[in-house]
Amino acid sequence: MAVEMELLKKRILVAVGEIPADTVIKNGKIIDVFNLEILSGDIAITDGTIAGIGTYEGKETIDTGDCFVVPGLIDAHVHIESSMVCPSEFEKVVLPHGVTAVVADPHEIANVLGEAGITFMLENSEGLDLDVFFMLPSCVPATPFEHAGAVLLNEQLSPFYKHPRVLGLAEVMDYPSVKNLDPQMLEKLVAASPYKIDGHGAGLDRAGINVFAAAGIQTDHECVTPEQVKERLSNGMYVMLRQGSAAKNLKDLLVAVNDSNRSRCMFCTDDKHLDDLIAEGSIDHHIRLAVEQGFNPLAAVQMATINAAQCFGLKHKGAVAPGYDADLIFVEDLDRFTVKAVYKAGKCVARDGKLLKEVSLDQLAGTISSSVFIREITEEDLCIPVRKGRKANVIEIIPNQIETRKKVMEVPSAGGAFMPSTEQDLAKLAVIERHRATGHIGLAICKGLGIRTGAVASTIAHDSHNLIVAGVNDEDILLAIGTLKKIGGGLAVADQGKLLAAMPLPIAGLMSGQSTEKAAAQFAAVKEALREICEDKGFDLLLTLSFLSLPVIPELKITDLGLFDSVTFQHIAVSAPS
């Protein structure tokens with residue numbers, strides 16, 4: 001208490017001009033996220049907090065060079081694991097883009113490693129310049145229709161609420177468990193009721209959203225139409241407008257945002273791959289896209305900062321104003337949103353797209369114990385029985401969306417088994433349980449992946465993260481599977497009996513233990529190999545593939561137990577009824 005009292009006294013004395021600030025920022029055009037105006041004046045900073053805006057002197061003076069001074073950006077919902085680097089490396093990617101805080105859901109690693117996975121993410125993100133807040137995974141496993149590597153009940157989750165960077169319960173996606181009053185789900189919701197509870201309302205109509213809102217679920221990031229945005233807002237929820245690598249919904253949803261409801265809307269990436277983060281950026285990319293759509297840049301900044309802060313109770317973040325953390329970014333052009341420098345607690349941490357501090361390999365996480373356990377797979381295991389002339393239930397890709405279509409069509413077969421067809425863009429799909437070597441294998445037919453030859457396999461397969469593989473011949477499918485078993489998880493591309501590229505992801509089969517630069521180079525090699533075997537269909541094949549195993553997303557998906565109808569919430573046969 002004594003320390004806080006002295007800091008408060010000092011801040012007030014700086015505010016009234018009786019003592020100099022630690023740092024004063026001059027010649028900046030200050031973005032006022034409350035009135036959507038541009039202010040002029042000095043920004044006085046002491047002990048990492050803004051003390052005042054006006055005319056000040058300080059021990060250090062920083063001249064912005066006539067830049068806009070913007071609050072640090074906040075990603076309202078992100079799975080860091082999807083970047084394929086651990087939090088200490090993720091910082092290197094997003095902080096130079098002006099993202100100073102993220103609200104992360106360690107759902108992916110928790111589905112593989114349970115409590116140990118959450119602990120790893122908390123420990124690896126400790127002491128970073130990037131503020132990494134966490135929501136606790138609500139659905140491990142995501143549904144009872146698949147096998148994950150762990151089961152997290154409320155008794156395992158509750159102790160984590162004591163951690164200062166844990167804000168609440170992450171995306172509740174098991175709608176049937178909420179609706180049907182599942183006791184385990186209700187325990188989690190009651191325990192989380194003093195905190196924030198995120199939702200995952202993919203495909204839910206107004207009746208379903210009523211159930212979520214009544215259960216205390218306060219946000220959703222799964223809107224794909226403007227109508228869904230309005231339904232959720234009218235039910236008192238916050239809406240996160242998503243633009244990731246697979247799901248690109250921002251442009252479609254912005255039309256639903258207006259002056260009356262904008263305070264309840266914010267931006268999130270959800271899942272974004274390393275190469276896209278490097279090339280496009282993070283939440284700064286959302287701002288640029290919004291401005292391109294004719295959105296007021298000041299309103300876009302508001303959605304990228306104070307809206308998320310207020311939603312999650314981060315009362316000292318999201319604004320350039322007295323009493324707020326001095327997490328600031330200098331932007332040269334507000335429309336193009338070019339980030340010149342990033343300041344965290346008043347100290348410059350990134351400039352011209354580069355993190356200023358050095359991160360050495362000995363600071364990175366090593367591997368967590370092996371997480372890939374599968375028995376030997378044979379061609380017989382990959383056989384999909386389909387009689388000639390019979391129709392089949394086929395998963396059809398929707399480009400740049402994580403939803404799919406259920407297509408019933410006649411498919412090629414030989415000897416009573418499905419035969420992949422490059423002419424019809426039909427590939428064989430398999431999900432193999434990889435946590436306990438149970439031998440469970442789900443098989444399906446997928447249309448629209450664009451695989452012309454070979455196969456691609458990954459241990460990134462939402463949400464249980466079993467091994468998923470797609471290909472047009474069994475030999476390459478088996479080679480890709482065997483490669484991931486050998487390297488302890490990751491990505492593999494095979495063609496004509498040869499391994500074209502592989503990226504080891506030894507941390508839970510989800511993240512690299514390498515530096516961002518090395519991980520990016522390995523990922524680039526995998527993407528180059530994919531270009532050799534796949535037609536460019538305008539979407540991220542790896543991320544699209546990873547969501548084909550997510551049974552809570554409509555319409556048709558695959559788990560290690562087989563083809564799954566996400567509308568009726570039941571497994572169905574590949575062969576359609578005659």
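On a predicted model such as this, the values are computed, not experimentally measured, just so you know.

### Brief notes about the side chain of D75
Then comes step 1: Structurally, D75 can be placed in strand 8 (residues 73–78).
Then comes step 2: Within the buried set, D75 has no salt-bridge partner at all; the shortest N-O distance to an opposite charge, 8.4 Å, is to K272.
Then comes step 3: In this structure D75 touches V99, A101, V102, V103, F267, C268, T269, S282 and I283, once residues within four positions along its chain are discounted.

### Brief notes about the domain arrangement of the chain
Then comes step 1: As assigned here, the chain comprises domain 1 (77–293 + 357–363) and domain 2 (379–571).
Then comes step 2: In this structure, domain 1 and domain 2 have C-alpha centres spaced 25 Å apart.
Then comes step 3: At the interface, 44 residues of domain 1 touch 48 residues of domain 2.
Then comes step 4: With both chains or domains summed, domain 1 and domain 2 bury close to 3700 Å², and 64% of this area falls on carbon and sulfur atoms.
Then comes step 5: Looking at the side of domain 1 facing domain 2, the largest losses of area belong to M84, F145 and H147, adding up to 20% of the total buried there.
Then comes step 6: Where domain 1 packs against domain 2, one counts 2 salt bridges.
Then comes step 7: Here D275 ties to K527 by a salt bridge, and the two come within 2.7 Å at their closest N and O atoms.
Then comes step 8: Where domain 1 meets domain 2, there are 19 residue pairs in polar contact (both at pLDDT 80 or more).
Then comes step 9: A per-element tally of the side of domain 1 that touches domain 2 places helix 3 (residues 107–113) first, with 6 residues.
Then comes step 10: A breakdown of the residues in the side of domain 1 that touches domain 2 according to their chemical character gives 22 nonpolar, 11 polar and 11 charged.

### Points about helix 16 (residues 516–533)
Then comes step 1: Its 18 residues give helix 16 an end-to-end C-alpha distance of 26 Å, which sits within 8% of 26 Å, the value for a rise of 1.5 Å per residue.
Then comes step 2: Within the span of helix 16, buried status applies to T516, A519, F523, V526, K527, A529, L530 and I533. On an axial view of helix 16, the arc spanned by its buried residues comes to 160°, and they lie on one face. Turned more than 90 degrees off the buried face of helix 16, the exposed positions are E517 and R531.
Then comes step 3: In this structure, the buried residues of helix 16 make contact with helix 2 (87–94), helix 11 (274–280), strand 26 (455–458), strand 28 (490–495), strand 29 (498–504) and helix 17 (541–547).

### Topic: the sheet that holds strand 2 (residues 29–32)
Then comes step 1: With mixed pairing, the 7 strands of this open sheet are ordered in space as 3-2-7-16-17-18-19. A strand with exactly one partner marks an edge of an open sheet, and here the two such strands are strand 3 (37–40) and strand 19 (354–355).
Then comes step 2: Summarising the sheet, strand 2 and strand 7 (residues 68–71) pair through 2 bridges and their orientation is parallel. The partner of I30 across the bridge, within strand 7, is V69.

### A word on the UniProt feature "domain: Amidohydrolase-related" (unreviewed entry) in the chain
Then comes step 1: According to UniProt, the feature "domain: Amidohydrolase-related" (unreviewed entry) maps to residues 68–349 in the numbering used here.
Then comes step 2: For residues 68–349, the helix share is 34%, the strand share is 20%, and the end-to-end C-alpha distance is 17 Å.

### Section: the packing of aromatic side chains
Then comes step 1: Applying the stated rule across the entire model yields 7 aromatic pairs.
Then comes step 2: On the numbers, 5.8 Å between centres and 70° between planes, the contact of F145 with F569 is edge-to-face. In this pair, F145 is assigned in the loop between strand 10 (131–136) and helix 5 (154–157) and F569 in the loop between strand 31 (562–565) and strand 32 (570–571), connecting sequence segments 424 residues apart.
Then comes step 3: Centre to centre, the rings of F564 and F569 are 5.7 Å apart; their planes meet at 80°, and the pair counts as edge-to-face.
Then comes step 4: Of the aromatic side chains, those joined through ring pairs into one cluster are F145, F564 and F569.
Then comes step 5: Cation over ring: K29 sits above F68, and NZ or CZ is 4.1 Å from the ring centre.

### Regarding the sheet that holds strand 32
Then comes step 1: Taken in spatial order, the 3 strands line up as 30-31-32 in an open sheet, and their pairing is antiparallel. The open sheet has two edge strands, strand 30 (556–559) and strand 32, and neither has a second partner.
Then comes step 2: Both strand 30 and strand 31 contribute to a ladder of 4 bridges, which runs antiparallel. Bridged to T559 within strand 31 is G562.

### Observations regarding helix 4 (residues 115–124)
Then comes step 1: Buried residues of helix 4: G117, I118, F120, M121, L122 and N124, and no others.
Then comes step 2: Residues of helix 4 that are buried sit in contact with helix 2, helix 3, strand 10, helix 5 and strand 11 (166–172).

### Here's the deal with the pairing of strand 15 (residues 265–268)
Remark: a regular strand shows side chains that alternate across the two faces of the sheet.
Then comes step 1: A two-sided burial pattern is seen for strand 15, the buried positions comprising C265 and F267 on one face and M266 and C268 on the other.
Then comes step 2: Across 4 bridges, strand 14 (residues 238–242) lies against strand 15 in parallel orientation. From the neighbouring strand, V239 faces strand 15, where its bridge partner is C265.

About the thresholds
- Residues numbered from 1 in each chain as written.
- Predicted model: local features only at pLDDT ≥ 70, side-chain atom pairs only at ≥ 80, totals over all residues.
- Heavy atoms only, no water.
- Helix = DSSP H or I, 4+ residues; strand = E, 2+ residues; numbered from the N terminus.
- Buried < 20%, exposed > 50% of the residue type's maximum accessible area, 1.4 Å probe, protein only.
- Lys, Arg positive; Asp, Glu negative; His and termini not counted.
- Salt bridge = Lys/Arg side-chain N within 4 Å of Asp/Glu carboxyl O.
- Contact = heavy atoms within 4.5 Å.
- Domains from an automatic or database assignment.
- Buried area = accessible area lost by both parts, 1.4 Å probe.
- Polar contact = N/O pair within 3.5 Å; in protein donor to acceptor, adjacent residues only side chain to side chain.
- Nonpolar A, V, L, I, M, F, W, Y, C, P; charged D, E, K, R; others polar.
- Expected span 1.5 Å × (residues − 1).
- Arc of directions from axis to C-beta.
- Pairing = 2+ DSSP bridges.
- UniProt positions renumbered as here; feature names shortened; annotations may be inferred.
- Phe/Tyr/Trp six-rings, centres within 6.5 Å; stacked < 30°, edge-to-face > 60°.
- Lys NZ or Arg CZ within 6 Å of the ring centre and 35° of its normal.

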